[in-house]
Amino acid sequence: MSISAVPTVLGNLPHSNSYSKSNDPNLRRNIISILQKNRKDIKHIKSIHAKAIKNETEQDPFVIFELLRLYCNLNSLDYATRLFHCTENPNVYLYTSLLDGFVSFGSYSDALNLYSQMAHKHVLADNYAVTSVLKACVLQRALGSGREVHGQVFKSGLCLDRSIALKLLELYGKCGELEDAWKVFDKMPERDIVACTVIMGSCFDNGMVEEAIGVFNELQTRDTVCWTATINGLVRNGELNRGLEMFREMQVKGVKPNEVTFVCVLSACSQVGALELGRWIHMYMRKCNVKLNQFVAGALINMYSRCGEIDEALALFNEIKVKDVSTYNSIIGGLALHGKSMEAIELFREMLKQKLRPNDITFVGVLNACSHGGLVELGYEIFQSMETVHGIEPQVEHRGCMVDILSRVGRLEEAFNFIRRMGVHADNKMLCALLSACKIHRNAKIGEQVAKLLREYCRIDSGSYVMLSNFYASLGKWNAAVEVREKMEKGGILKEPGCSSIEVKNAIHEFLSGDLRHPEMKRIHKKLKELNYMAKLAGYSPATEMALHDIDDKQKELVLAVHSERLAICYGLISTEPYTTLRIVKNLRICDDCHAMIKLIAKITSRKIVVRDRNRFHHFENGDCSCKDYW
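Residues numbered from 1 in each chain as written. Predicted model: local features only at pLDDT ≥ 70, side-chain atom pairs only at ≥ 80, totals over all residues. Heavy atoms only, no water.

**Student:** Help me get a handle on unusual backbone geometry, residues and values and all.
**Tutor:** In the Ramachandran plot, Asn89 falls in the positive-phi region, its phi being about 45 degrees despite a non-glycine side chain. You can see Asn89 is positioned in the loop between α4 (77–85) and α5 (92–104). In this structure, Tyr579 is a non-glycine residue whose phi angle is positive, near 70 degrees. If you trace the backbone, Tyr579 turns up in the loop between α31 (564–575) and β3 (582–586). (Helix = DSSP H or I, 4+ residues; strand = E, 2+ residues; numbered from the N terminus.)

**Student:** Please set out the environment of Asn368 residue by residue, giving values where relevant.
**Tutor:** Tracing the backbone shows Asn368 in helix α21 (residues 360–373). Through-space distance from the C-alpha of Asn368 to that of Met402 is 8.6 Å; in sequence the pair is 34 residues apart. Once residues lying within four places of it in the same chain are set aside, the contact partners of Asn368 are Ala336 and Cys401. (Contact = heavy atoms within 4.5 Å.)

**Student:** So what's going on with a nonpolar patch on the surface? Residues and values would help.
**Tutor:** Nonpolar side chains collect at one region of the surface, where Tyr533, Met534 and Leu537 lie side by side and expose about 350 Å² of accessible area between them. With respect to the helices and strands, Met534 occurs in helix α29 (residues 521–537). (Patch = residues over 30% accessible without salt bridge, like charges linked within 9 Å, V, L, I, M, F, W, Y side chains within 5 Å. Areas by Shrake-Rupley, 256 points an atom, 1.4 Å probe, with all protein chains shown as cover. Salt bridge = Lys/Arg side-chain N within 4 Å of Asp/Glu carboxyl O.)

**Student:** Which residues make up the pairing of strand β2 (residues 507–512), and what values do they have?
**Tutor:** Where strand β1 (residues 499–504) lies against β2, six bridges are found, and the strand directions are antiparallel. What sits directly across from Cys499, in β2, is Leu512. Counting the residues between successive antiparallel strands, the hairpin from β1 to β2 contains two residues, one of them, Lys505, with a positive phi of roughly 50 degrees. (Pairing = 2+ DSSP bridges.)

**Student:** Residues and numbers for the sheet that holds strand β4 (residues 609–612), please.
**Tutor:** Read from one edge of the open sheet, six strands run β2-β1-β3-β4-β5-β6, paired in mixed fashion. At either margin of the open sheet sits one strand with a lone partner, and together these are β2 and β6 (624–625). Sheet topology note: the β3/β4 ladder contains four bridges and is parallel. Bridge assignment links Val585 to a residue of β4, and that residue is Arg612. Where α31 meets the sheet, it contacts β1, β2, β3 and β4, and its direction lies at approximately 15 degrees from that of β1. (Axes fitted to C-alpha atoms, helices over the stretch in contact; angles between N-to-C directions.)

**Student:** Give me the state of the cysteines: which residues, what numbers.
**Tutor:** This structure, assessed with the given rule, holds zero disulfides. The thiol of Cys401 is not disulfide-bonded; the next cysteine sulfur, from Cys370, is found 9.1 Å away. Residue Cys401 is classed as buried on the basis of its relative accessible area, which comes to 6%. (Disulfide = S-S within 2.5 Å. Buried < 20%, exposed > 50% of the residue type's maximum accessible area, 1.4 Å probe, protein only.)

Just geometry here; none of it tells us what the structure is for.
Written out as structure tokens, the structure reads:
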């Protein structure tokens, strides 16, 4: 019998009672074989299904199982569901097949409902069905449903099954129930490398770094996945240097990294500004013949741009043959950070010509580019096109970019009105950007209104408190500045300490403001004193109003002189060859006085100094800065 040429396609599935199970194993094998040969052709499969009904094989569980599997694989979930509900007394394998289909395509609620129906029908779940429904619980963070499933499998004795235990570990870890996760882990008869990797991931997800490292250290055998999970966990928890050290140890142990490992390590390099290590990793990837797909390329572009080498990031972008939205987002965002506004906008236009659809991240990057370039009208045009042309509703981040665009050029009243007209509440980042602009443009009237909004309506962090205090102090309103600081202290909010880092000879050196810990601190302070003397000869006068304490000017000058970025620069000057570019990463916004001082240092020493602060990149050269003194 030939089924492959059947011309008809089912419109509606008949009721299950119309057909009986076939007893012809040859017919069954023939149908299944033909279905597998046509597994990518949904129309042909439906035609074969119609022929199966005519031959009374529709109720054959083997045929139904194959049909369900193929319909789910081809994203025909509606058709698969109809077939399932037309089946008499479906067994556990058919339930599991549809469960897998729902989970694979993100229909987690449908998967949970189907599992409940299965229990209601008294169909005994096996380990495959339980693993599938627990996966849905994990992905939907459905802790309550997961606990119910756990209770059921405990009664049935299935909880000792390895795949079920792993999913329970993941569920409790993702939902923050670490105590329950450890109970499951401790009861596992065999805690192998996979189980240890899962419990480590749960610990990392919940900030329990030392507990995760403890599990890692107890392992006798570690594979690439385990090493990568550990590196990724350290990076995600801000333990960047430890993550990089772990990568070096991985190399020493002879464990070959994969694409995910490289992306994790490149992320750490990006955050700490480890350019030389990032370059070495790039070369190592070439040696290992790692394909430059969009995932890896985006991480490399981000690394080069975040480490201050935007030209290398751009060269790498141009090497990539097939570019997607994320690749364009990486380079547009990088160019915007470096103040290369027109280049970023040109690439945005190129992206649109390539028929690539921009997303939320794209518009944050291109609007930031407009802000750094002072391109107000173009910024408005792009902002309005989000909804009218691209169907993307602007979020707080995009509106914040517009506030920044207007603030930069001094249109402060317009920026303030823009905030008041918004359908959503302004966040502290947006208000702080406008407040900073009011300080720069000496507009106390609007600044005071913004400060009031910030204090009354925003849940503000330490940076916002500092910005408020800075604003009042810049106006000489010391009582108001002190009041903000006192409120900050009473709320138990600690000021984030200024921290700057510099990479020298493949090692990251970190400095806090007023730091005395570095072994070269005597030489650093000697260089600092020398630079201060030369800068004053060149006309430098400390902006003591930036030392926001009600103390005398001499004390303020001393406070400013030991800011972390100055210490990092001085260490770079005494540790590198003349004319070498210095690259500094700072966790906070660079202050006005340090900005002015670094311009002079760059001119005095004939160095290019690149500083990445919380807002953007500053390229200091010949006494000027790429930000044009607005950041």
